[in-house]
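For reference, the chains in residue letters:
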Amino acid sequence: MRFSKMARRGGLVDHSRKRLVLVASVLALVASMVTLPVAEGTSGATSFKGSITIASVAPFTGADAALGPKYETACYAAAQAINAAGGVLSKQVKCKTVDTRGDPADAVPAVRQMYATTSNLVLVIGCTSDEAATVVPIFGAHKTVSFCMTGQSEFDAVHYPYFFRLVPPDAADSVAMVQIAKRHSYKKIALAFGNDAGSQTFVAPAEAAIKTAGMTVVSNETLDMTASTFQTEAQAIVQAHPDAILMEALGAAGVALLSEIYQLNGNKMIPTIGTSAMIDPVFFSGVTSGPIGVQNFIAAFDADNQTVNASGPAYPLYHKLVLEQAGKVKGVPSFAGLLSANGTVHLYDGINLAALAMDMAHSTTGSKYKADILKIAEGVHGAVNVSSYAAGLKDLKAGKKIHYIGVGGSYQFDSYQTAFGPFEDDQFLANGTTVAVGGTLGYCSLTECKSTP
Amino acid sequence: MSAILFYVATIIVYGAVDSMACLALNVQFGFAGLSNFGFIIFQAGGAYVAAVLSMGPWQKSNEGFQSYVLGWHLAWPLPWIGAALFGGLLALPFVFLVGKRLRGDFAAVGLLVSAVLLNQLVNNFVPLFNGAAGISIVPAPFSHYWNPQGLAYQFVYGGVAVVLTVLVYFLLRRVTESPYGRSLRAMRDNDIVADALGKNVRVQRTSMLILGGMIAGLSGAILVGFINLWAPGAWGYAETIVLFAAIIVGGAGNHKGAVLGALLVPLGFEEVTRFIPPLSNPALVPALEWVAIGLLIIGFLWFRPDGILPERRRILSGAGKSSLPMPVPSSGESDSLINLGNLDQMDFRQLLRLEGDASDHGIILSTDRLTRAFHGVTVVSEVSIEFQRGRLTGLIGPNGAGKSTTLAMLAGTLAPTSGKVLYEGRDITSMPSNERAKSGMIRTFQLASEFKKLTVLENLVSAIPRQSGDSFVGALRGRRFWGRDDAENIERASEMLEGFGLTQYADSYAGGLSGGQRRLVEIMRALLAQPTILLLDEPMAGVHPNLAHKIGDQLTRLVASGMTIVMVEHELAIMDAFCDPVIVLAEGRVLAQGTMSELRAMKEVVEAYLVG
Amino acid sequence: MSVFLSSLGFGLISAAVLAIATVGFTMQFAVTNVLNLAYGSVMINSAFVTYYLNYHAHLNAWVAMIGGVLTGAIASYLLNRFVFTPFQRRNLPPITIVIVALGVDLCGTFGLQAIVGGSYFSYRQSLGRERHFWGMYLSTLQLIIIGICVVVMGLIHWLLKYTRLGKAMRATSANASLARNSGIRTQRVISSTWLISGALCGLAGTVFAMNTGVFEATSAQLYIVLLLAAMFLGGPGSAYGAMLGALTIGVATELSAGYFNPEYKEVIAFVVLLGMLTFRPYGLFGSEKTI
Amino acid sequence: MSVELSTSGKVLRATSVSAGYDGRAIVHEIDVEATPGKVVSVVGPNGSGKSTLLKSLVGVVPVLAGTVTVGDTEITNLAPERIAMLGVGYVPQIDDVFPPLSVKENLEIGGYLLPRHDVASQIEAVLEFFPRLRTMMSRKAGKLSGGERKMLAMGRVLMLSPSVLVLDEPTANLAPLVATQLLEEYIRGFADHGSTVLLVEQRAKAALRISDWTCVLSGGRVVLSGAPRDLENNPLFVESFLGGGAARA
């Protein structure tokens, strides 16, 4: 029996034909999948002369899957406003997502493929700490302007001409957290940061700032993001009796840690100060649907954030646009929760800046409009303040110079093209949105916070 | 257009890296039978070393924002060579898992766990590897002279990667298509028997672990030089499963299959799914991709376990690659009709390179109070026997007399509890079985022991000792070095096959033969190992009496040619004609010794057999 | 001392979850000789069913748990019936079955992720008041889990020692052929074993998720390593060995976390596993395969 | 001796049975009949196929041709557990007990098919037959001596009061005295109480002493059969074991 089977396999003609069919069918499958129509964006009512694409290159899956949708929302919101105003140079703005899975090695072919399949790519947003190191050089080589959401310190030190950053380096973020702790007169501080690429960079600057501020670190826990429970870490923190915990742990780990601390502390939250990345609807819904509950959580949780100019002129439109994206973007439990998320706020501003710069430069080519981003963001002499794409476009068409004041205020770039404004102390409300408390924290540098930049 | 070319260049580099990895894993898994579930560690380790060797000293470069060791700023290709060397070095600690006779799945679990363990250590141990953030701004090779983001550079890089992959392909082919590769496959099919034929299984496994590790390290170096970043997140243990899936799909034991698998699974799958627009939830497509890989593994193992391109049957006989229909094996019944061809005309002394004086009947092998106990039960008790050169000594006794145990201790496949084995007066008690085999003591096994996925001819050739191509170095020196020798060996094996009348099965897989034929293959194989002493464990078991007698006649001729044979046998009817002397064991002790007819007259022997 | 006691407390709860899981895993190995590396995926699917019944079908948590347990039992039964048994009939080497199990694990884990998404889920119910026992901190829920563990271990002991089925399971594990000659329908016994061990798997997944409070589709992917460590420590196939192994591994990991560094707490489990594989692959207690 | 053990035996009949693995016959066209109250033994040299023959009768090795019946029921190629249910008790040569289980548990497994409430009384009956086991009820079977272990193995089979006992070399690896006792006292005893006993025995002479009928197997075929007294004096008998003369198969 066994032998006759083998004998059949030995029949050369029959065999190779079978193999050929197998190879061919696999290849056909591959080919059919490649030619699947790629769905993109939405079509507006206005008639456009072609379209341009903005890509969100970010993790949509994996541990940091919550990040991608924040940026995608910003893109859809900005594109909606831009298209309503007639588009950029009469071209319709479309949004595209590129999932890097949070893996720097996976990100390279993903980005290469994005270039190969996107003929009119004008701007990239996203590029978090997970993948920035591998993709930013590629954006540079393609002369694609990118607004990246990475606080990685390597970008404080290496110059990439097409790289823009509207978020602070992690170090400044840390200093702002310490500033919040100082305001509350906390003395004993516990640190709890994930062991992932994005979170560990907070630790050293936070320790330095805590020392400068005359506080002490009573516990410093690094959280293995693949672990399922953090009881020992939680216990170490509780036993150190800190006045406050400084933390960043995205995904399930942060929720698990806070729940366990809560429980080990006799069902009481220890005041916790998160980074700006913790202002995230996924985190909020995760932690509040656990044992801590909404009220206990919001009473004891602060996060530093860059000032969102909620009373400013850009905010109402932004507010309306973000909420209107509900249903279009998947993976966001609450769009209201995104209103103050810096990934959404600043990328919305970044897209507006870039779009206005394209109008100003009459070009969608990165090398041509790149310089105008700085002019519009920082404002030149005699420029009029605008706070929406429509207004800016109108003024540009009228031949005026413009200065964009966005949801995040006015942006001043440093020599590495990083711009960040003053910080504030945000607290969650029961509905998952945040509100700033106690006025501005000032402009935080890598060492301290001051009232002026 | 250039964007597409950039994409193509990327695909080429990734394809080369994946192919290289699959080729290396396939040599371990498909050829040597090593289930290296920790394969990814080697790739990651090589990549790290390549990264840090090419980077400048710590502190000065990169403003010290990342920590690492060995910033030696070496020029290409030194970091890549370092990566390969490190990949090989990393294999050494794992030898303990694959060297022992640990259950295959247990060893695999050990390697899998090692991969998880190392990943966790690396993720958390910042000083050495910069933790989960990994190392970025790794210099691309030649970045000082050439813009690494230029299209030309990218294609040259891809070209270098492909060239190296091709080199690896030919290197591995050179290894596997040599006599050494035959030994590897023999070990894969049955390591205990390979060991008994004189193959040093531990060394072979270690070599393949190291070779695979080096190639894995190199492939990691190519990747890290291309993406200029090393992060532990890219080397999760699941990546190893993807590589296994690739090999199972492509075809284990086939280099082309490994490359095809690499192009279809890790590369093809990921690239194709990228084109699928995100559906309802963003995790859906990547999740389904994993599900598909799982289904591929299960589906192929069920429906097409040999993969798309199955392992090639190696035709060694002169028949060439003509589509000679494979002969249908005879059933057990027709074993009686097997004709031992023209064996009687064969000159064993010449064919088997027998040396020494055939009339010398001195003591060649002896035991001194040999004892073996299993779990406290003594099976062989203080057995002291002597075997004469140039004699066929029979070892008989009722069930449970300890015959096979004694034979196994003579061959070294089983260690005695106490006592000594002396070979030409030398104490060889602690000599491992493969070395005993090399010094001329060859045993056969009671149970079927053919290398199933080697052809009959390969089974025979694999046993021939001192083949110039049957070492790693010999294999590397190429066919020019070992070809003539191998052709001679094949010739000899074919002659033997002809003698036994089995030429028509030369290119059949040994696993498909009938019981009697397999017995013959085993005896032929043992003979080709050029034994000074041949230890036969029930060679006639399950063999038709007619055939048994034909075999017995040849054994007598062998002995007459100067070979020493020890034969455990229960079929006493045939002992008269062939064995002299016969030693009777009973209940673990020597009962009597003499010719069969003498023994039959002994009351105690009859009693032992017909105990009452 | 306080570190010791608090770590011991955490160790006990880890051990409780681990024991339930390992006993099920080892029973599968005992009767079918399969290292079912897909175990973690069945655990997490069961946990999700419990969660779903509790949160979306609004069933009482304990009723929902029964749903999780049933899921584990049925999924494991089907897995054995339609995957492992057919493959085993082909007389494949054990490594092939392990590779198949890894394939199944991918399907199970990521199949769940495809359905529920990549996000995580938290249990809303309060873990209850924190209680303090001689320096150990355990919540009401954790006490309940430890209680469940003790009861389950007692039931397993009762099953194996005092019931017909349990003895048949042990007999089948020790010598399946002789068991058949004694009139035992071993296929039924094997099926029952997969149902029971699957139920344990489902229970383990549920209490694992409840204890963590937060879980996602991939949460249990690496848990299998702890399971393997506990199993090999006690001797593969031995239920009592699994209990002891789970207790040792659970307490040892948490103690090493308390005294050394929590990031590396599982390292001790890995090292134990590698050590066992190298020196005593059949466990600390001899070589006889036994439930 | 307890009543429960001495059941009325049934006839076990193998007609022209060929059996073996992978479709290859190891034993050829064997005819054996064992009848109640008699001991029928199968003897022969090592490797003659004795064990394979027994295994094929109890469903462990496939029967390739021929039929096997117990009483009026054909049991050819039935599953081993079905054959056990039909009253055939089989004691293999090795692996004859469940080592990790206690003696008591081994006996309970032996009585797996009994109604629950009969198990205890049946164990009592078996213990009356093998009183030595009584003192070691909680000991693990793996820790017993060879003779004790064999008694347990047979006790386990007796739990079901089998109408046919199939014993594969019960005396292998036993001390001679124990072996003799086992054969003459117990195995002969089973038959004397009405059971059908089919015995494969290495100790040919001892087997002849207790048998009513004996077959000699060599090379997978029956080469001699008859009443023990006739066989003992037949020169072919010794030859079939030790070869020589005309006894070639």
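Here the structure is a predicted model, which is why all the values come from computation and not from measurement.

## Focus on the overall build of chain A
Then comes step 1: Of the regular secondary structure elements, chain A holds 16 helices and 15 strands.
Then comes step 2: Evaluated residue by residue, chain A yields a buried proportion of 61% over its 453 residues.
Then comes step 3: Restricting to contacts in chain A with at least 6 residues of sequence separation, those with at least 24 account for 70%.
Then comes step 4: Just so you have it, chain A exposes about 15,600 Å², and 57% of that area is on carbon and sulfur atoms.

## A few points about the sheet that holds strand β4 (residues 63-70) of chain D
All names here are of chain D.
Then comes step 1: Pairing within the open sheet is antiparallel, and its four strands lie in the order β2-β1-β4-β5. In this open sheet, the two edge strands, each paired with only one partner strand, are β2 (24-34) and β5 (73-74).
Then comes step 2: Where strand β1 (residues 12-21) and β2 come together, seven bridges link them in antiparallel fashion. From the neighbouring strand, Gly20 faces β2, where its bridge partner is Ala25.

## Things to note about the sheet that holds strand β2 (residues 92-99) of chain A
Residues and elements named next belong to chain A.
Then comes step 1: Pairing is parallel in the open sheet, where five strands are placed in the order β2-β1-β3-β4-β5. Looking at strand neighbours, the two that pair on one side only are β2 and β5 (163-164), the edges of this open sheet.
Then comes step 2: Examined bridge by bridge, strand β4 (residues 145-148) and β5 share two bridges and lie parallel to one another. When the bridges of β5 are listed, Ser146 appears paired with Phe163.
Then comes step 3: Relative to β2, helix α3 (residues 67-84) is tilted by about 170°, and along the sheet it contacts β1 (51-58), β2 and β3 (121-126).

## So, the interface of chain D and chain B
Then comes step 1: Taken together, the contact between chain D and chain B spans 22 residues of the former and 27 residues of the latter.
Then comes step 2: Summing both partners gives a buried area of about 2,100 Å² for chain D against chain B, and 51% of it is carried by carbon and sulfur.
Then comes step 3: Counting the contacts that link chain D with chain B gives zero residue pairs in polar contact (both at pLDDT 80 or more).
Then comes step 4: Elements that contribute at least two residues to the side of chain D that touches chain B include exactly β2, α7 (204-210) and α9 (235-242) of chain D.
Then comes step 5: Broken down by class, the residue content of the side of chain D that touches chain B amounts to seven nonpolar, nine polar and six charged.

## Comments concerning the pattern of salt bridges
Then comes step 1: Taken as a whole, this structure holds 38 salt bridges over all chains when the rule is applied.
Then comes step 2: The residue B:Glu270 makes a salt bridge to B:Arg274 at a minimum N-O spacing of 3.8 Å. Of this pair, B:Glu270 and B:Arg274 both sit in helix α12 (residues 255-274), four residues apart, roughly one helical turn.
Then comes step 3: B:Glu270 gets classed as buried once you look at its relative accessible area, which sits at 19%.
Then comes step 4: Residue classification places B:Arg274 among the buried positions, given a relative accessible area of 14%.
Then comes step 5: When the shortest N-O distance is used, the salt bridge between D:Arg209 and D:Glu184 registers 3.2 Å. A residue pair is termed long-range when its members are at least 10 positions apart, and D:Arg209 in helix α7 and D:Glu184 in helix α6 (residues 176-192) qualify at 25 residues.
Then comes step 6: According to the relative accessible area criterion, D:Glu184 is partly exposed, its value standing at 38%.
Then comes step 7: Each of B:Glu177, B:Arg185, B:Arg188, B:Asp189, B:Glu311, B:Arg312, B:Arg314 and B:Glu458 takes part in a single network of salt bridges with overlapping partners.

## Quick word on helix α4 (residues 119-129) of chain D
Then comes step 1: Where α4(D) is concerned, the buried positions are D:Val119, D:Gln122, D:Ile123, D:Ala125, D:Val126, D:Leu127 and D:Phe129.
Then comes step 2: Packed against the buried residues of α4(D) are α3 (103-110), α5 (146-158) and α6 of chain D.

## Examining the packing of aromatic side chains
Two measures describe an aromatic ring pair: the distance that separates the ring centres and the angle between the ring planes.
Then comes step 1: According to the stated counting rule, one finds 48 aromatic pairs over all chains in the structure shown.
Then comes step 2: Relative to C:Phe29, the ring of B:Phe106 lies with its centre 6.1 Å away and its plane at 40°, an arrangement referred to as tilted. Taken together, the residues span two chains, with B:Phe106 in helix α5 (residues 104-124) and C:Phe29 in helix α1 (residues 2-32).
Then comes step 3: On the basis of relative accessible area, C:Phe29 is assigned to the buried category, the value being 2%.
Then comes step 4: Between B:Tyr180 and B:Phe472, the aromatic rings sit 6.0 Å apart at their centres with planes inclined by 65°, giving edge-to-face as the arrangement. Note that B:Tyr180 is positioned in helix α8 (residues 179-189) and B:Phe472 in helix α18 (residues 472-476), a separation of 292 residues in sequence.
Then comes step 5: One aromatic cluster is present, formed by B:Trp76, B:Trp80, B:Phe142, B:Trp146, B:Tyr153, B:Tyr157 and B:Phe226 through successive ring pairs.
Then comes step 6: Looking at A:Lys370, its charged tip hangs above the ring of A:Tyr162, at a distance of 5.2 Å from the centre.
Then comes step 7: The lysine or arginine in question, B:Arg477, covers the ring of B:Phe481, its NZ or CZ lying 3.9 Å from the ring centre.

Rules and cut-offs
Residues numbered from 1 in each chain as written. Chains lettered and ligands numbered in written order. Predicted model: local features only at pLDDT ≥ 70, side-chain atom pairs only at ≥ 80, totals over all residues. Heavy atoms only, no water. Helix = DSSP H or I, 4+ residues; strand = E, 2+ residues; numbered from the N terminus. Buried < 20%, exposed > 50% of the residue type's maximum accessible area, 1.4 Å probe, protein only. Contact = heavy atoms within 4.5 Å. Areas by Shrake-Rupley, 256 points an atom, 1.4 Å probe, with all protein chains shown as cover. Pairing = 2+ DSSP bridges. Axes fitted to C-alpha atoms, helices over the stretch in contact; angles between N-to-C directions. Buried area = accessible area lost by both parts, 1.4 Å probe. Polar contact = N/O pair within 3.5 Å; in protein donor to acceptor, adjacent residues only side chain to side chain. Nonpolar A, V, L, I, M, F, W, Y, C, P; charged D, E, K, R; others polar. Salt bridge = Lys/Arg side-chain N within 4 Å of Asp/Glu carboxyl O. Phe/Tyr/Trp six-rings, centres within 6.5 Å; stacked < 30°, edge-to-face > 60°. Lys NZ or Arg CZ within 6 Å of the ring centre and 35° of its normal.

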